[in-house]
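Spelled out from the first residue to the last, the chains are:
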There are 2 protein chains.
Amino acid sequence: MRVIFHNLVTLEEASSALLKFAKPLGSEEVDIAEAYGRVLSRDVVAQVDVPPFDRSTVDGYAVVAESTYGASELTPVELKVVGRVEAGGWPNVEVRQGEAVEVATGAPLPRGANAVVMVEYTQERDGVVKIFRSVAPGENVMSAGSDISAGEVALRRCTRLTAREIGVLAALGVKTVQVLRRPRVAIISTGNELAPPGAPLGVGKLYDVNSYALAASVAEAGGVPELVGIVRDDAGEYRRALEAALSSSDVVLISGGTSAGVADLTYRVLGEMGEVLFHGIMVKPGKPTLAAAVGGKIVVGLPGYPSSALMIFHTVVRPFLLKLQCLEPDPPAAVKASLAVGVEGAKGRRALYPVVLVGRGGSYRAYPLYAESGAISVLARADGYVVVPENVEFLAEGEEVEVRLFEKYRPAEFYFIGSHDPHLDAALARRNIKAVYVGSMGGLMAVKRGEADMAGVHVFDPGSGLYNTPFVEKLDIRDVAVVGLYEREQGLMVQRGNPKGVRGVEDLLRPDVVFVNRPRGTGTRALLDMLLGEAARRLGLTLEEAAAKIRGYTHEVKTHTAVAAAVAQGRADVGVGVRYAAELYGLEFIPLGWEQYDLVVKRGALEKALEIAAELLSDLPRGYRRYEWSGRVKLLR
Amino acid sequence: MRVIFHNLVTLEEASSALLKFAKPLGSEEVDIAEAYGRVLSRDVVAQVDVPPFDRSTVDGYAVVAESTYGASELTPVELKVVGRVEAGGWPNVEVRQGEAVEVATGAPLPRGANAVVMVEYTQERDGVVKIFRSVAPGENVMSAGSDISAGEVALRRCTRLTAREIGVLAALGVKTVQVLRRPRVAIISTGNELAPPGAPLGVGKLYDVNSYALAASVAEAGGVPELVGIVRDDAGEYRRALEAALSSSDVVLISGGTSAGVADLTYRVLGEMGEVLFHGIMVKPGKPTLAAAVGGKIVVGLPGYPSSALMIFHTVVRPFLLKLQCLEPDPPAAVKASLAVGVEGAKGRRALYPVVLVGRGGSYRAYPLYAESGAISVLARADGYVVVPENVEFLAEGEEVEVRLFEKYRPAEFYFIGSHDPHLDAALARRNIKAVYVGSMGGLMAVKRGEADMAGVHVFDPGSGLYNTPFVEKLDIRDVAVVGLYEREQGLMVQRGNPKGVRGVEDLLRPDVVFVNRPRGTGTRALLDMLLGEAARRLGLTLEEAAAKIRGYTHEVKTHTAVAAAVAQGRADVGVGVRYAAELYGLEFIPLGWEQYDLVVKRGALEKALEIAAELLSDLPRGYRRYEWSGRVKLLR
């Protein structure tokens, strides 16, 4: 059963289709102590003046300003003190020319007075005060209503209440205020493969991410999420869940239906219950999004992949929820950046790429995070996303792009860019260093361009027989140091008991053995190919001929732990990677050799790099070892 | 009793003094459905792979990629279908060369398979599937652990949980998570003059603003506010309130003590209870800030003026509260802008000026909002503030400044800059137009510079005897229209019953009459001075001689309603202003004349201006009237 998208709409069309249904909800009364973040449902008209009376802004003497003219240190003016007023008190006297009333800061000004002389410029004795400095009318006085005047619209309808607006309400004596009701948003996840977090995961099952990620997104947008939970792929169950959700909430979000059958179910059931507004958006990811109006309420069917669901929430649903609260469907905050790596367009669809921002002080590089559209971790690492227009085939490295931010961007103090190492990663985490994993060569280039303070690198140069340092020289990276870190043990991983009896790389050529590999360009793959080349020569084969015999040689996975997982779950008999990953999965490990993993750092970051190295070297897990340059500067240029 | 500030500290020193005491609080367990905005108290290590198995990302056939090499529309490859897997199912078959297993999107990949052919490129009949397109290894497969690998640090300690991180937790099957306890912040307001909002306001009393504005600020910074309420200026009561607050909370904020006596009380009591960390900051506003450590807990004494208290909260307390939650004391978001009006430095202290931002698309003008330091409305209108360094005497108009934002800046769609009119203000509010009130001349200059879309103007040109249009020509403002709006009635306001028997401006010269005036440069003042000049001539006096006889002639207040308030409260017998304000306060009104109030608009805004004019003219309150150009274009150039 295949879904046919008849009329794909653009992101803008999808967004406007919903906004047409965004009428603000009713209002409710809340105490101002609970009103933070709420939105006013009507104008607030001041019933009192703020301040309610003319106040002195200093400690001093209230006077008729004209009495003080000509006063100076040498020619003080003498005034008769006719009374005193404290803050919170009320003056019963009137001040005339030649008279003064002592006032405290915040005290009401007596009738007739139009200025206050600061106490610093006075001297009182026996009911007479000497004034050593003249004041102008209005000086040191905050006049009644000058902050807010009674009758004025002090706050406007649709204002979101922050600390400052709540201050205004308190100043007006307003204790409770009419605010818009927050939209209640029911959230349904669909799919037979889903299991709720906290429960054990059966075979073939995945945890339900969307219920929780969407609930948090709804809260972030000012809505009240209502978790319905997981609904199975059954038209009856589906319809009942939708009807219940519609009766108790203002908006319904259904996610799932990544599988064609489920998407079709959503489309069919919503078509029966109401009017489908659109079905399919010209965007990648997010094409299978649909929306319907059922009895005036909006139901949005979001993609099942969490990252797709969140990107579409951000671009289509969030503006709608804001508008329901009378807030501008705010254009996402954005910064300009240059692309660190080229990205492809999506052939007639708009493409959204999550990116990590690197940079400080207004000059940014955007590192696209490639991943299958299901990857939630990618989104968690991203600062925002770039949009590649429909008609663009390729955006090259260095092109200026606009990065739309998920949140306010907080530049990191320190950037690590390079190859992933689990032991190092934990140390970076403890120091709150932002890490972007793009491989050794990517890290070297990032240091050269000044984007990274530090790179993690493990690349072997067959010409010199050395790791890492030759590349710093070949790429002519200046003002950097290479800090020797450690060697990591590489090898083959097999299930406990080694059921296939694997002893070395020769065994990978056996027809009964399924292998899982690392990608070209990784240090691990380079090592495997070197050893495989040697084995091939012994067997009288070329490397290519040997590789062609290996079942799964071209099955490349991105991390050491993904290799271990494939073996642990029986999808492969043997894989290649670091010992650390093998031990994590309780696998047996057949050592192949050691490689050097070093830090390449900007000179200014040398001290921090040495500190990190010292910490890591003081507690090396199995599969790691020191070598002659560990903790020492290997190269400085 | 005067406070002596012995060692004033800088803002940075004040901030660091607190940060030294910022140790993260303990942790607590929360459900991920409630975890939005919370901060992780420890690293989250993945216990499972995400995804937990190799998944198909499409509907299609799982194959050994090498089986499909050479397949095309013309030369399809035929594979034997050996099984089917649904999403949520589990494959018991193994795929070999020449075989295929049908898979749904999200279904687990069978052992041996390393790629999936999309159903679009296949045709199945009688257990055999024709493949019309080859696939590469890994194509349409999301491999186990490729998103998150078991054993990996998936989220780091001190991460603030947004929708995306909560998605990661759900994907890992984590239902409850350890987060940092939020800081409990007790808030005390001091001052005998304070009354709680919601209660009637006695004479000489003000509503307590700081309790509520600070509570919202605390919530905004992730803390839990605890309102203690108002404490009177008494050492014993003060000490008891502090002790109770310290026992129940992590941090205490006391505001008030603007009056010297109270500030001294705070200093003395805190000095007895613990160690005073600093007393006085070199900043304006905010000098009388102090902080103490009592039993390891921080107490901050904030200024009593709400706007001062909030600015110091923003610069000193907020970073501390964030750090208590293990969050970076984030530098406030900032934008560059050019100053619209010059501002003065604070003679050796750093000066903070609230500003309104005007502009779109990266080019901003910052309008300083002048006000006494007590003004809360000013802060509510401000987008952020500019900092004038200690050693700068004056920052001139046009200088580039950095505006530190209170919140994310949202550019308005339409800017009104000019003179204040209460009837117009309400119409702007209904349209969500951002209004900046800087007087008629300021408005004209803002239109000329292109910052304002519209200005409200009422200035009389004695040379031509005309209002407004002569100034548009004199200032050579191009591409603008002047839309005639209405005339406003100006006059004298007296208490009901007119106890002093005032009939006209001559009566202002009587020695038993106290007057309250509008500032020089306003249309109202210009009218009064014209009439006063005529009266003086009749009496054989100059204008200056006549003015010198008026008690309160130099007592100028900033708004029409402030004039009315002064009369209503008996601080003056008579004032001058628009009828609208007099009626608001139930005063009697003695008409003096009418003035023309017009809109000066950019050509592109003409239609909107005519629409606003039509709306206002359709419902004119008393004190307003149409004139020949009302609702029509008076000048277009």
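Computed from a predicted model, the values in this text were never measured in an experiment.

J.: Would you mind going over the overall build of chain A with me for this structure?
T.: Regarding its fold elements, chain A presents 15 helices and 39 strands. In summary, chain A has a C-alpha radius of gyration of 35 Å against a globular reference of 26 Å for 637 residues, an excess of more than 25%. Taken over the C-alpha atoms alone, chain A extends approximately 115 × 70 × 45 Å along its principal axes. Expressed as a percentage of the 637 residues in chain A, the buried residues total 60%. A separation threshold of at least 6 residues defines the contact pool for chain A, and within that pool the share at least 24 residues apart is 73%. Carbon and sulfur atoms form 50% of the exposed surface of chain A, whose accessible area is close to 24,500 Å².

J.: Explain the sheet that holds strand E16 (residues 224-231) of chain A to me, please; I cannot follow it from the model alone.
T.: Strand-to-strand pairing in sheets goes through backbone hydrogen bonds, with the strands running parallel or antiparallel. Residue and element names in this part refer to chain A. Taken in spatial order, the six strands make up an open sheet running E16-E13-E17-E21-E20-E18, and their pairing is mixed. Every interior strand has two partners, whereas the edge strands, E16 and strand E18 (275-279), have only one. Across the sheet, the axes of successive neighbouring strands diverge by a mean angle of 20°, strand direction being ignored. Judged from the five bridges that link them, strand E17 (residues 251-255) and strand E21 (residues 297-302) form a sheet pairing that is parallel. Bridging from a neighbouring strand, Val252 pairs with Val299 of E21. Against the sheet, helix H1 (residues 11-19) engages E18, strand E20 (290-294) and E21, with an angle of about 160° to E18. Each of strand E13 (184-190), E16, E17, E20 and E21 is contacted by helix H4 (residues 235-248), which is oriented at about 165° to E13, the strand it contacts most.

J.: Help me out: how do you make sense of the packing of helix H2 (residues 163-171) of chain A against helix H3 (residues 210-220) of chain B in this one?
T.: Two numbers describe a pair of packed helices, the interaxial angle and the distance between the axes. The interhelical angle for the contact between H2 of chain A and H3 of chain B, taken along N-to-C directions, is 160°, at an axis separation of 8 Å. Taken together, H2 of chain A and H3 of chain B sit at an angle that is classed as roughly antiparallel. Between H2 of chain A and H3 of chain B the crossing geometry is right-handed. Counting all contacts with H2 of chain A, which are made through Ala163, Ile166, Gly167 and Ala170 of chain A, the residues of H3 of chain B involved are Tyr212, Ala213, Ala216, Ser217 and Glu220 of chain B.

J.: So what exactly am I meant to see when it comes to the state of the cysteines here?
T.: What we call a disulfide is simply a covalent bond connecting the sulfur atoms of a pair of cysteines. All names here are of chain A. Under the criterion given, the structure shown has two disulfides over all chains. Linked covalently through their sulfurs, Cys158 and Cys326 form a disulfide whose S-S length is 1.7 Å. Across the S-S bond of Cys158 and Cys326 the torsion is about 60°, and the bridge reads as right-handed. Of this pair, Cys158 sits in the loop between strand E11 (153-155) and H2 while Cys326 sits in the loop between helix H6 (306-324) and strand E22 (334-339), and the two are 168 residues apart along the sequence. Like Cys326, Cys158 is buried.

J.: Any chance you could explain the pattern of salt bridges here in plain terms?
T.: Once the charged atoms of two side chains with opposite charge are near each other, the side chains can pair. Considering all chains together, one arrives at 74 salt bridges over all chains under this definition. A salt bridge links Arg350 of chain A to Glu12 of chain A, with the nearest nitrogen and oxygen atoms 2.8 Å apart. Residue Arg350 of chain A is located in strand E24 (residues 350-360), and its partner Glu12 of chain A is located in helix H1; the two are separated by 338 residues in the primary sequence. Its relative accessible area of 14% is what places Arg350 of chain A among the buried residues. Here Glu12 of chain A falls in the partly exposed class, since its relative accessible area comes to 44%. The partner of Arg350 of chain B in a salt bridge is Glu390 of chain B, and the shortest N-O contact between them spans 2.9 Å. Within this pair, whereas Arg350 of chain B is found in strand E24 (residues 350-360), its partner Glu390 of chain B is found in the loop between strand E26 (384-388) and strand E27 (394-395), the two being separated by 40 residues in sequence. A cluster of three or more residues bridged by salt bridges with shared partners is formed by Glu94 and Arg111 of chain A together with Lys500, Arg551 and Asp573 of chain B.

J.: Whenever I open this one, the side chain of Thr315 of chain A confuses me. Can you help?
T.: Residues and elements named next belong to chain A. Structurally, Thr315 is set in helix H6. From its side chain, Thr315 meets the backbone oxygen of Met311 in a polar contact 2.9 Å long. Dropping the residues within four chain positions of it, Thr315 is found in contact with Leu11, Ser15 and Tyr385.

J.: Would you mind going over the interface of chain A and chain B with me for this structure?
T.: Each partner contributes residues to the interface: chain A has 124 residues there, and chain B has 123 residues. Across the chain A/chain B interface, buried area totals approximately 10,100 Å², and carbon plus sulfur atoms make up 55% of it. Where chain A touches chain B, the interface holds six salt bridges. Arg551 of chain A is the partner of Glu94 of chain B in a salt bridge, and the nearest nitrogen-oxygen pair spans 3.3 Å. At the junction of chain A and chain B, the tally comes to 25 residue pairs in polar contact (both at pLDDT 80 or more). Residues that form the side of chain A that touches chain B fall into these classes: 62 nonpolar, 30 polar and 32 charged.

J.: Where do I start with H4 of chain A in this structure?
T.: Think of an α-helix as 3.6 residues a turn; residues three or four steps apart then line up on the same face. Given a rise of 1.5 Å per residue, 14 residues ought to cover 20 Å, and the 20 Å separating the end C-alpha atoms of H4 of chain A matches this to within 8%. Structurally, the start of H4 of chain A carries an N-cap: the backbone nitrogen of Gly236 of chain A is 3.1 Å from a side-chain oxygen of Asp234 of chain A.

J.: Where do I start with the side chain of His423 of chain A in this structure?
T.: Residue and element names in this part refer to chain A. As for its position among the elements, His423 is in helix H8 (residues 422-430). A polar side-chain atom of His423 sits 3.3 Å from the main-chain carbonyl oxygen of Leu616. In terms of polar contacts, His423 uses its side chain to reach the backbone carbonyl oxygen of Asp619, at 3.4 Å. Sequence-distant contacts of His423, defined by excluding residues within four places in its chain, comprise Tyr486, Leu616, Asp619, Leu620, Pro621 and Tyr624.

J.: Looking at this structure, how should I read the relation of the copies chain A and chain B?
T.: Put simply, the two copies of the chain differ by a rotation about an axis and a shift along that axis. Its rotation angle being 180°, the transformation that places chain A on chain B also includes 0.0 Å of axial translation and leaves an RMSD of 0.4 Å. The symmetry that links the two subunits is that of a two-fold axis. Looking at chain A, 98% of its interface residues are interface residues in chain B too, so the copies touch through the same face.

J.: Please explain the sheet that holds strand E21 (residues 297-302) of chain B as it appears in this structure.
T.: Residue and element names in this part refer to chain B. What the six strands build is an open sheet, ordered E16-E13-E17-E21-E20-E18; its pairing is mixed. For this open sheet the edge positions go to strand E16 (224-231) and strand E18 (275-279), each flanked by a neighbour on one side alone. Direction aside, the axes of adjacent strands within the sheet are offset by 20° on average. Strand contacts of helix H6 (residues 306-324): strand E13 (184-190), strand E17 (251-255) and E21, with the helix running at about 170° to E21, the strand carrying the most contacts.

J.: Is there a simple way to think about the packing of aromatic side chains in this case?
T.: What describes a pair of aromatic rings is the distance from one ring centre to the other and the angle between the planes of the rings. Applying the stated criterion across every chain, the model contains 12 aromatic pairs over all chains. Judged by centre distance (5.6 Å) and plane angle (45°), the ring pair of Tyr385 of chain B and Phe406 of chain B falls under tilted. Separated by 21 residues along the polypeptide, Tyr385 of chain B in strand E26 and Phe406 of chain B in the loop between strand E28 (400-405) and strand E29 (415-418) bring together distant segments of the chain. By the burial criterion, Tyr385 of chain B is buried, and Phe406 of chain B matches it. Three or more aromatic residues link up through ring pairs in this structure, and these residues are Tyr486, Tyr580, Tyr597 and Tyr624 of chain A.

J.: Could you clarify how one ought to interpret the pairing of strand E37 (residues 588-602) of chain A in this entry?
T.: Successive residues of a regular strand alternate their side chains across the two faces of the sheet. Residues and elements named next belong to chain A. Sheet topology note: the strand E31 (residues 454-457)/E37 ladder contains four bridges and is antiparallel. Within E37, the position partnered with Gly456 by the bridge is Leu599. Relative to E37, strand E34 (residues 480-494) runs antiparallel, the two sharing 14 bridges. Within E37, the position partnered with Tyr486 by the bridge is Tyr597.

Rules and cut-offs
Every chain's residues receive numbers from 1 upward, in the order its sequence appears when written. Labels follow written order: the first chain is A, the first ligand is 1, and so on. Residue-level local features of this predicted model are given only where pLDDT is at least 70; pairs of side-chain atoms are given and counted only at 80 or more, and the full residue set underlies all totals for whole chains, interfaces and linings. Think of the side-chain values as coming from all heavy atoms in the structure, minus any hydrogens and water. Numbering of helices and strands runs from the N terminus, with a helix taken as a DSSP run of H or I at least four residues long and a strand as a DSSP run of E at least two residues long. Our radius of gyration is a C-alpha quantity, and the globule rule it is checked against amounts to 2.2 Å times the number of residues to the power 0.38. Residue burial is assigned from relative accessible area. The probe radius is 1.4 Å, only protein chains are included, and a residue is buried under 20% of its type maximum, exposed over 50%, and partly exposed in between. Only heavy atoms matter for contacts: two residues are in contact if any of them lie within 4.5 Å across the pair. Areas reported here follow the Shrake-Rupley algorithm with a probe of radius 1.4 Å; residue values treat only the protein chains shown as occluding. For two strands to be treated as a pair, DSSP must find at least two bridges joining them. Here an axis means a line fitted to C-alpha atoms, over the contact stretch when the element is a helix, while the angle between two N-to-C directions is reported on a 0 to 180 degree scale. By the definition adopted for this analysis, an angle is roughly parallel if under 35 degrees, roughly antiparallel if over 145, roughly perpendicular if from 65 to 115, and oblique otherwise. In this scheme, a crossing is called left-handed if the near helix is turned counterclockwise away from the far one by less than a right angle; it is called right-handed if the turn is clockwise. Disulfides are defined as pairs of cysteine sulfur atoms found within 2.5 Å of each other. We define a salt bridge as a contact between a side-chain nitrogen of Lys or Arg and a carboxyl oxygen of Asp or Glu at a distance within 4 Å. Polar contacts, as counted here, are pairs of nitrogen or oxygen atoms within 3.5 Å of one another; within protein the pair requires one atom able to donate a hydrogen and one able to accept it, and residues that are adjacent in sequence qualify only if both atoms are side-chain atoms. Two parts lose some accessible area (1.4 Å probe) when they are put together, and adding that loss for both gives the buried area. Residue classes follow a fixed rule: Ala, Val, Leu, Ile, Met, Phe, Trp, Tyr, Cys and Pro count as nonpolar, while Asp, Glu, Lys and Arg count as charged, and any other residue, Gly among them, counts as polar. Given a helix with a known number of residues, its expected span is that number minus one, times 1.5 Å. In this comparison the copies share one frame, found by least squares on the C-alpha atoms of residues holding pLDDT of at least 70 in both. Pairing of aromatic rings covers Phe, Tyr and Trp, the last counted by its six-membered ring, and requires centre-to-centre distances within 6.5 Å; plane angles under 30 degrees mean stacked, over 60 mean edge-to-face, and any other angle means tilted.

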